[in-house]
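As a plain string of letters, each chain reads:
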Amino acid sequence: MIEFTSVFFLALHVILVFCWIYIRKFQSRRESEVISTITAICALAIALITSALLPVDIFLVSFMKYPNGTYKEWAANNETRGQIEDTVLYGYYTLYSIILICVFLWIPFVYFYYEERDDNNVNKCSQVKNALKYTIGFVIVCVALLLIGAFVPLAAPPGQNSTQWEKVQYLFEELGSSHGLPALSFSISSLTLIGMLAVIIYTAYGMSVMPLNLIKGTRSVKYERLENTEDIDDVEHQIEKLKSKCQDGRPLSSRDRNNLQELEGKLQVLRRRGRHLEIAERNCCTKVGSALRPFKILLGIFFILVALLFTIALFISNLDKALHSAGISSGFIIFGTNLTNPLNELLLALQPVFPLDYILITVITVYFVLTSMAGIRNMGIWFFWIRLYKIRPKKTRPQALLFLCMILLLIVLHTSYMIYSLAPQYVMYGSQKYLMPSPGPTSGNTTINTSRICDADAPEDQCTVTRSYLFLHKFWFFSTIYYFGNWAFIGAFLIGLVVSCCRGKKSVIEGEVEADDSDFSDDEYVH
């Protein structure tokens, strides 16, 4: 257990370093602020730490037992197991509470604080006051969700003959007996619905675009420079042709003036593009990337196979729910698996070889986070059909980074349900086994026991359910929405796969030069 704690704290330091590098890579040097940078790094770290809690949860419930299905000596006592379960539960409480604070208080306040910033950076009190005024709306929504979740009774309420005080007392007893689990679970489930939409949009697209970009690679720098030079010559020729019309003193027509203005703007972009291509050609990273091309192709093929495996496993899991669950009224919840799920079977098959199954579930979690980040980076941040922000190296505005981190926080919340859908039996029980009397004849008074993998038929005191499962299935109507969201995710992935296949190779300076950039932005790449 001490070694596991050391590994966890090592992973925590790795996460913090990764978050700092990632945010600094995309952060605009000209518009960066300390408060927005710290907020973005902390929010991204919280998202990654929360995603790491599911593998930890599965490991702890599995670590209590030996491979033969008996409890280890230190976990034989129900009280000891209860303390471990409570520790994991408090871990979920803490991280989910921090996510609520980030989504409804911290990130909105920093976002509006930056939006309200005056050009001369004066009157800080007014800036804080306006930011708090807009943030109060988010806090009210959070409080409303907590109250709804706290006082929605999950058990049968008192009879009609009960007094008003008895009914109120019943509600408070329900809240106290569950340790506030429904209140937090309802709030988190409500946020998870938004996370589900983000997963359908960004993660599904990221799962297709990330591997295909690795396989296709980027265009040749020399060819791009040659093509860019030809475009510059062509635009300069058109500009000279337009200017020649006014050599005799006659003014240009309004149409020609508009065309001249557009051509001059296009020429400015092409020249900036030429400078960036020249820097990229001299950059050692470009040469190293070319040398690692075979490795990138293999990695891309591996990622696309993983994406197809996930899609097939999700389809089988949803089909299993459609065929064997009680339907919408039960949230399409099933206990165990009735159809062979390849990913679930793979995790169960890896159990005897410690710690391959935990490594795989960790890789799955990290894969979802990385593909989500890739999807956001390639698509940008949208509100319906309106593009709000672009995510570009060294040019991303602070507001965009805050949006990116908030979206990742919401995606991480839904990732737990996605992984449960991919491997339901493993996420519920991990690698636990339980002892069951053999149906065959016994030798004398001795009963022969056989070990079986934990499932819904196991005795309650023999198998411990992960705390994550309790959070995911507290309210049946959320499970129903998640079920239909999985079908939408499969459709979005297939559409994204077709779109990614039809698109050509990316430019080696993809996202570095845009028409709305200023000439000053080039300084961020030169220095």
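Residues numbered from 1 in each chain as written. Predicted model: local features only at pLDDT ≥ 70, side-chain atom pairs only at ≥ 80, totals over all residues. Heavy atoms only, no water.

By the naming in an unreviewed UniProt entry, the protein chain goes by Lysosomal cobalamin transport escort protein LMBD1 and is assigned to Oreochromis niloticus. Per its UniProt entry, the protein chain bears the Sequence similarities (unreviewed entry) comment "Belongs to the LIMR family. LMBRD1 subfamily." According to the UniProt record, the Subcellular location (unreviewed entry) comment for the protein chain reads "Lysosome membrane". (UniProt positions renumbered as here; feature names shortened; annotations may be inferred.)

Student: Mind showing me how you'd approach the nonpolar core here?
Tutor: Generally speaking, soluble globular proteins have nonpolar side chains that are buried together. One finds Phe310, Ile364, Ile376 and Leu409 to be the most contacted residues of the largest nonpolar core, which totals 114 residues. Take this core: its biggest share by element is 18 residues, from helix H13 (residues 398–422). By size, the runner-up hydrophobic cluster in this structure holds nine residues, among which are Leu242, Leu252, Leu260 and Leu270. (Core = buried A, V, L, I, M, F, W, Y, C linked by side-chain atoms within 4.5 Å. Buried < 20%, exposed > 50% of the residue type's maximum accessible area, 1.4 Å probe, protein only. Helix = DSSP H or I, 4+ residues; strand = E, 2+ residues; numbered from the N terminus.)

Student: In this structure, what is going on with the environment of Lys65? I would like to understand it.
Tutor: Mapped onto the elements of the fold, Lys65 is located in the loop between helix H2 (34–63) and helix H3 (78–115). Lys65 gets classed as buried once you look at its relative accessible area, which sits at 5%. A C-alpha to C-alpha distance of 8.8 Å links Lys65 and Tyr434, two positions 369 residues apart in sequence. Residue contacts for Lys65: discarding those within four places in its chain leaves Thr70, Tyr71, Lys72, Gln432, Lys433, Tyr434, Gln462 and Cys463. Only 2.7 Å separates the side chain of Lys65 from the backbone oxygen of Lys433, close enough to count as a polar contact. (Contact = heavy atoms within 4.5 Å. Polar contact = N/O pair within 3.5 Å; in protein donor to acceptor, adjacent residues only side chain to side chain.)

Student: Just to check I follow, could you spell out the layout of surface pockets for this structure?
Tutor: Remark: the empty space left among the atoms is shown by a probe the size of a water molecule rolled over them. Taken as a whole, the largest pocket holds about 2000 Å³ of empty space. Forming the walls of the largest pocket are 50 residues, and the residues nearest its centre are Lys25, Thr218, Pro393, Lys506 and Val508. Residue assignment for the lining of the largest pocket shows that the elements contributing at least two residues are helix H1 (2–26), helix H6 (181–216), helix H8 (254–282), helix H9 (284–291), helix H10 (293–324) and helix H12 (356–379). The element that contributes the greatest number of residues to the lining of the largest pocket is H12, accounting for six residues. Its residues assigned to classes, the lining of the largest pocket shows 21 nonpolar, 13 polar and 16 charged. (1 Å grid on protein atoms, 1.4 Å probe; cavity = no way out; pocket = protein on both sides within 12 Å on 5 of 7 lines; lining within 4 Å. Points joined across faces, edges and corners; volume = space filled by probe spheres on them. Nonpolar A, V, L, I, M, F, W, Y, C, P; charged D, E, K, R; others polar.)

Student: Looking at this model, I keep getting lost on empty space enclosed by the protein. Mind explaining?
Tutor: Under the defined criterion, the tally for this structure stands at five cavities of 30 Å³ or more. In this structure, the largest cavity occupies an estimated 100 Å³ of space. In this structure, the largest cavity is lined by Tyr92, Tyr96, Ile188, Ser189, Thr192, Leu413, Ser416, Ser468, Phe471, Leu472 and Tyr482. Elements that contribute at least two residues to the lining of the largest cavity include exactly H3, H6, H13 and helix H15 (467–472). Class assignment for the residues of the lining of the largest cavity results in seven nonpolar, four polar and no charged. Along its surface, the second largest cavity is lined by Tyr205, Val209, Asn213, Lys216, Asn378, Ser500, Arg503, Gly504 and Lys506. For the lining of the second largest cavity, the element with the most residues is H6, which contributes four residues.

Student: Explain helix H11 (residues 342–349) here, please?
Tutor: Since one α-helical turn is 3.6 residues long, residues separated by three or four positions face the same way. Listed as buried for H11 are Leu343, Asn344, Leu347 and Leu348. Summarising the axial view, the buried residues of H11 lie within an arc of 135 degrees, below the 170-degree limit, and thus occupy one face. The N-terminus of H11 is capped by Asn341, whose side-chain oxygen sits 3.2 Å from the backbone nitrogen of Leu343. (Arc of directions from axis to C-beta.)

Student: Looking at this structure, I do not really get helix H7 (residues 221–243). What am I missing?
Tutor: Taking 1.5 Å per residue, 23 residues should reach 33 Å; H7 reaches 33 Å between its end C-alpha atoms and fits that length. Buried within H7 are the following residues: Val221, Glu224, Asn228, Ile232, Val235, Ile239 and Leu242. Tucked inside the fold, the buried residues of H7 contact H8 and H9. (Expected span 1.5 Å × (residues − 1).)

Student: Would you take a moment to explain a nonpolar patch on the surface for this structure?
Tutor: Taken together, the side chains of Ile101, Leu105, Val139, Val143 and Leu147 present a nonpolar region at the surface, about 400 Å² in accessible area. Elements with a minimum of two residues in the nonpolar patch: H3 and helix H4 (124–150). Per-element accounting of the nonpolar patch gives the leading share, three residues, to H4. Structurally, Val143 is set in helix H4. (Patch = residues over 30% accessible without salt bridge, like charges linked within 9 Å, V, L, I, M, F, W, Y side chains within 5 Å. Areas by Shrake-Rupley, 256 points an atom, 1.4 Å probe, with all protein chains shown as cover. Salt bridge = Lys/Arg side-chain N within 4 Å of Asp/Glu carboxyl O.)

Student: Got a minute to help me understand the pairing of strand E2 (residues 386–389) in this structure?
Tutor: It is a general feature of regular strands that their side chains alternate between the two faces of the sheet. Looking at chain direction, strand E1 (residues 381–383) and E2 are connected through three bridges and run antiparallel. Among the inter-strand pairings, Trp382 is bridged to a residue of E2, identified as Arg387. In sequence, E1 turns back onto E2 through a hairpin of two residues, with Phe384 there showing a positive phi of about 55 degrees. (Pairing = 2+ DSSP bridges.)

Student: Would you mind going over the packing of aromatic side chains with me for this structure?
Tutor: Each aromatic ring pair is characterised by the separation of its centres together with the angle its planes make. The tally for this structure, following the rule as stated, stands at 21 aromatic pairs. Both rings, one in Phe478 and one in Tyr482, keep their centres 6.4 Å apart while their planes meet at 20 degrees; by these two values the pair is stacked. Here the residue Phe478 and the residue Tyr482 both occupy positions in helix H16 (residues 476–502), the gap between them amounting to four residues, near one helical turn. Just as Phe478 is buried, Tyr482 falls in that class too. The structure contains a cluster of three or more aromatic residues connected by ring pairs, namely Tyr111, Phe112, Tyr134, Phe138, Tyr389 and Phe403. Against the face of Tyr71 rests Lys65, its NZ or CZ located 4.7 Å from the ring centre. (Phe/Tyr/Trp six-rings, centres within 6.5 Å; stacked < 30°, edge-to-face > 60°. Lys NZ or Arg CZ within 6 Å of the ring centre and 35° of its normal.)

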